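The residues making up each chain are set out below.
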Amino acid sequence: MNRRGTSPSRVRRVNSASRLPASFRLIVTGGGTGGHTYPALTAIRALQHRLAADGRAVEVLWIGTADGLEARVAPAEGIAFKTVATGKIRRSSNPLKMVSPANMKDMARVPLGVAQARKIVADFRPDVVLATGGYVAVPAGLAARMCRRPLVLHEQTVRLGLANRKLASSATRIAVSSESSLPLLPESVRGAAVVTGNPIRPEVLTGHADKAVEALALHGFDLRLPTVYVTGGAQGSQQINDVVRDALPWLLERANVIHQCGPANVEGLRQRAAALPVELSGRYYLAGFVGPELPDVLALADVVVSRSGAGTLAELTALGKPAVFIPLASSAGNEQAHNARHLEDAGAAVALLGEVTAGSLREAVGPLLTDPARRKAMAERARAHGRPDAANRLVDVILSAASG
């Protein structure tokens, strides 16, 4: 018997050339939101594809929370899933508020989560633990250190999130999404950092504009005009919806508009659209949600108006899309504003910060709609920041951490 309690015949074979086992074991931890969940899922798919080409299998176990997005995504993808106790730390600039009863109660759950995660890691014996952020990543990341398993962190935003900051000193590798993240890291961990970019779904890169026209029956669009895609995410954004509603006639005089408003917001916007002149209403496509057609919609779009979450930035820069960002003011650590400013400073987007009105939207979008050369220049700068191969870069980091 070996130290894992299995007979020698059942010990996983190791390929002498790559020093990697024939069956690669990966624990993924992170989630709560799509920003942490989908990059992890994309990395898993890329790892499976990479090792399948070499005849290797991948065994994956996801450690998450019962109420996070990952609890739905992982099982739907056939990925084994386990939960651990964790607590959300409610941040505040006031130190006294940080010691609120709710925070104290949640912090008390962390040791239990660490103990649970340690048992999971010890039993599974992963080759690597990949942590993509979110509160659940902390117990599993600390358990990786306790069990002496390689820990790879992936950070989607320009600055390290709270969970990854707590785990940085324990990490074997820290994969960041941007060169500009490197000087923001603690000096003690910069040597472990690698720029990979933020993994994006490969299907996003395969869209065709003409397919969007057919699939959504956009026959009233004037294809001599640019097309604007407006989105506030799957649930929509009341702020973005209101601003676009107030600027809609002006927009439609200069562009076609595809507006994903969120399922709960369709009826009110439809009533507003019914009052549009006939010559403008055909240029407006309203949808509660854009599903499988999204890659084609993005291919058709000349300008995107959206939030500035890390996943959105990764997709739009990989595609080279000019964008006007309206950051979510309540995002953790104000990360969406940092993301938007980062691209605006590079000339790759426009960031609308603070109070956003129909007037400020017109000022931001207008030059992009009327000046194709400006759109082209912004698209090129956006593409320069894109990393469409980010998932494969992250797989390189995972395999490197596993092999020593």
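This text goes with the structure placed above it.
My aim in this report is to walk through the structure given alongside it, one point at a time. Since this is a predicted model, take the numbers as computed values, not measurements. (Residues numbered from 1 in each chain as written. Predicted model: local features only at pLDDT ≥ 70, side-chain atom pairs only at ≥ 80, totals over all residues. Heavy atoms only, no water.)

1. Observations concerning the sheet that holds strand β9 (residues 256–260)
- On the basis of which strands lie adjacent, the open sheet formed by 6 strands has the order β10-β9-β8-β11-β12-β13 and parallel pairing. The open sheet has two edge strands with one neighbour each: β10 (284–287) and β13 (350–351).
- Note that strand β8 (residues 227–231) and β9 share 5 bridges and pair parallel. Note on β9: the bridge partner recorded for Y229 is I258. (Pairing = 2+ DSSP bridges. Helix = DSSP H or I, 4+ residues; strand = E, 2+ residues; numbered from the N terminus.)

2. What to know about the environment of Y229
- Inspection of the secondary structure puts Y229 in strand β8.
- For Y229, a relative accessible area of 3% translates into the label buried.
- Sequence separation between Y229 and V304 is 75 residues, and the spatial gap between their C-alpha atoms is 4.8 Å.
- If we skip the residues at most four places from it in the chain, Y229 touches I258, Q260, V290, L294, V297, L298, A301, V303, V304 and V305.
- Side-chain polar atoms of Y229 contact the side chain of Q260, separated by 3.3 Å. (Buried < 20%, exposed > 50% of the residue type's maximum accessible area, 1.4 Å probe, protein only. Contact = heavy atoms within 4.5 Å. Polar contact = N/O pair within 3.5 Å; in protein donor to acceptor, adjacent residues only side chain to side chain.)

3. Observations concerning the nonpolar core
- Ranked by internal contacts, the top residues of the largest apolar core, which has 34 residues, are V228, Y284, V305, V324, L361 and L369.
- Of all the secondary-structure elements, those providing two or more residues to this core are β8, α8 (238–252), α9 (266–273), β10, β11 (303–306) and α14 (358–370).
- With 8 residues, the single largest contributor to this core is α8.
- In contact with L361, not counting residues within four places along its chain, are V243, V244, A247, V305, V324, L352 and G366.
- Membership of the second largest hydrophobic core comes to 33 residues, among which are L61, F124, A144 and C147. (Core = buried A, V, L, I, M, F, W, Y, C linked by side-chain atoms within 4.5 Å.)

4. Overview of the sheet that holds strand β1 (residues 23–29)
- Across the sheet, 7 strands lie side by side as β3-β2-β1-β4-β5-β6-β7; this open sheet has parallel pairing. Only two strands of the sheet have a single partner each, and these edge strands are β3 (80–83) and β7 (193–195). The sheet shows a mean angle of 25° between the axes of neighbouring strands, direction not considered.
- Where strand β2 (residues 57–64) lies against β3, 4 bridges are found, and the strand directions are parallel. Bridging across to β3, G64 finds its partner in T83. (Axes fitted to C-alpha atoms, helices over the stretch in contact; angles between N-to-C directions.)

5. Observations concerning helix α5 (residues 137–146)
- In terms of burial, α5 is largely enclosed, as 8 of its 10 residues are buried.
- For α5, the set of buried residues is A137, V138, P139, A140, G141, L142, A143 and A144.
- At the C-terminal side of α5, R148 shows a positive phi close to 55°.

6. With respect to the packing of aromatic side chains
- One pass over the structure, following the stated rule, counts 0 aromatic pairs.
- Looking at R25, its charged tip hangs above the ring of F124, at a distance of 4.6 Å from the centre. (Phe/Tyr/Trp six-rings, centres within 6.5 Å; stacked < 30°, edge-to-face > 60°. Lys NZ or Arg CZ within 6 Å of the ring centre and 35° of its normal.)

7. Focus: the packing of helix α1 (residues 34–52) against helix α16 (residues 390–402)
- Packing of α1 against α16 leaves a shortest axis separation of 9 Å and a crossing angle of 70°. It follows from the interaxial angle that α1 and α16 lie roughly perpendicular. Facing α1, whose interface residues are T42, A43, A46, L47, R50 and L51, α16 presents A391, N392, L394, V395, D396 and L399.
- Split into classes, the residues belonging to the contact of α1 with α16 amount to 8 nonpolar, 2 polar and 2 charged. (Parallel < 35°, antiparallel > 145°, perpendicular 65-115°, else oblique. Nonpolar A, V, L, I, M, F, W, Y, C, P; charged D, E, K, R; others polar.)

8. Description of the pattern of salt bridges
- Applying the stated criterion to the full structure yields 13 salt bridges.
- When the shortest N-O distance is used, the salt bridge between E59 and R25 registers 3.3 Å. Taken together, the residues E59 in strand β2 and R25 in strand β1 connect sequence positions 34 residues apart.
- R25 sits in the buried class, given a relative accessible area of 14%. (Salt bridge = Lys/Arg side-chain N within 4 Å of Asp/Glu carboxyl O.)

Honestly, it's all geometry; don't read function into it.
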